[in-house]
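Chain by chain, the residues run as shown.
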Amino acid sequence: MDLSIGEVARRSGLSVHTLRFYEQEGLFANPVRRLSNGRRIYHEEDLEWLAVCTKLRSSGMALALIRRYVELVRQGPGNEAERLELLRRHEGRVEAQIGELREALDVMRFKVRIYQEHLARGEADRLWNPARPAHENAAPAGDGAADGAADTTDAVVRNGAEDAAVRDGVATG
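Peer 1: Residue-level account of helix H3 (residues 44-58), with values.
Peer 2: With 15 residues, H3 ought to run about 21 Å at 1.5 Å a step, and its terminal C-alpha atoms sit 21 Å apart, in line with that. Within H3, burial applies to Asp46, Leu47, Trp49, Leu50, Cys53 and Leu56. Of the surrounding secondary structure, the elements contacted by the buried residues of H3 are helix H1 (5-12), helix H2 (16-24), strand E1 (33-34), strand E2 (40-41), helix H4 (63-75) and helix H5 (80-120). Just downstream of H3 lies glycine 60, where phi reads positive at about 100°.

So this is what it looks like as structure tokens:
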């Protein structure tokens, strides 16, 4: 069944502009066909390829690598090992990116918990404020780290364990 560019845009979630860009960049596995009046015609397999291409792109694969993959696919049988190697390298980059994102999520969860705890205790004013001098961020005498004296972005999460850093001798949140 022939599909218009508008129908492909609607079904793929990509804009018409993006579809034209992908065509211009040579990112379709099959060349986009045109009617005698110049209108682009797509088929179901183009939608299937766009689903793959979109995931490659959203996972950070460079346009040049997608283009290389498309070139290999277009060449047909005989280069499957090269295609596999290209995909494996990208898989490794995606796995590393996921690891970095998990670490970032751990930090965000830690920070959210600190803010929730301070707000619940009515101690939000004790959160570290970079506009105030460090001595004003410090907890009053007798208050310890358990009270969450200050919040700095120096607090880090390493290997899933929370390590509170120390800034100017004051325990951080």
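Peer 1: I'd like a rundown of the packing of H1 against H2, residues and numbers included.
Peer 2: Taken N-terminus to C-terminus, the directions of H1 and H2 make an angle of 105°; their axes are 9 Å apart at the nearest point. Classed by the angle they form, the pair H1 and H2 counts as roughly perpendicular. Between H1 and H2, the contacting residues are Ile5, Val8, Ala9 and Ser12 on the first element and Val16, Leu19 and Arg20 on the second. Grouping the constituent residues of the contact of H1 with H2 by class yields five nonpolar, one polar and one charged.

Reading guide: rules and limits
Residues numbered from 1 in each chain as written. Predicted model: local features only at pLDDT ≥ 70, side-chain atom pairs only at ≥ 80, totals over all residues. Heavy atoms only, no water. Helix = DSSP H or I, 4+ residues; strand = E, 2+ residues; numbered from the N terminus. Expected span 1.5 Å × (residues − 1). Buried < 20%, exposed > 50% of the residue type's maximum accessible area, 1.4 Å probe, protein only. Contact = heavy atoms within 4.5 Å. Axes fitted to C-alpha atoms, helices over the stretch in contact; angles between N-to-C directions. Parallel < 35°, antiparallel > 145°, perpendicular 65-115°, else oblique. Nonpolar A, V, L, I, M, F, W, Y, C, P; charged D, E, K, R; others polar.

None of the figures reported here should be taken as evidence of function without further support.
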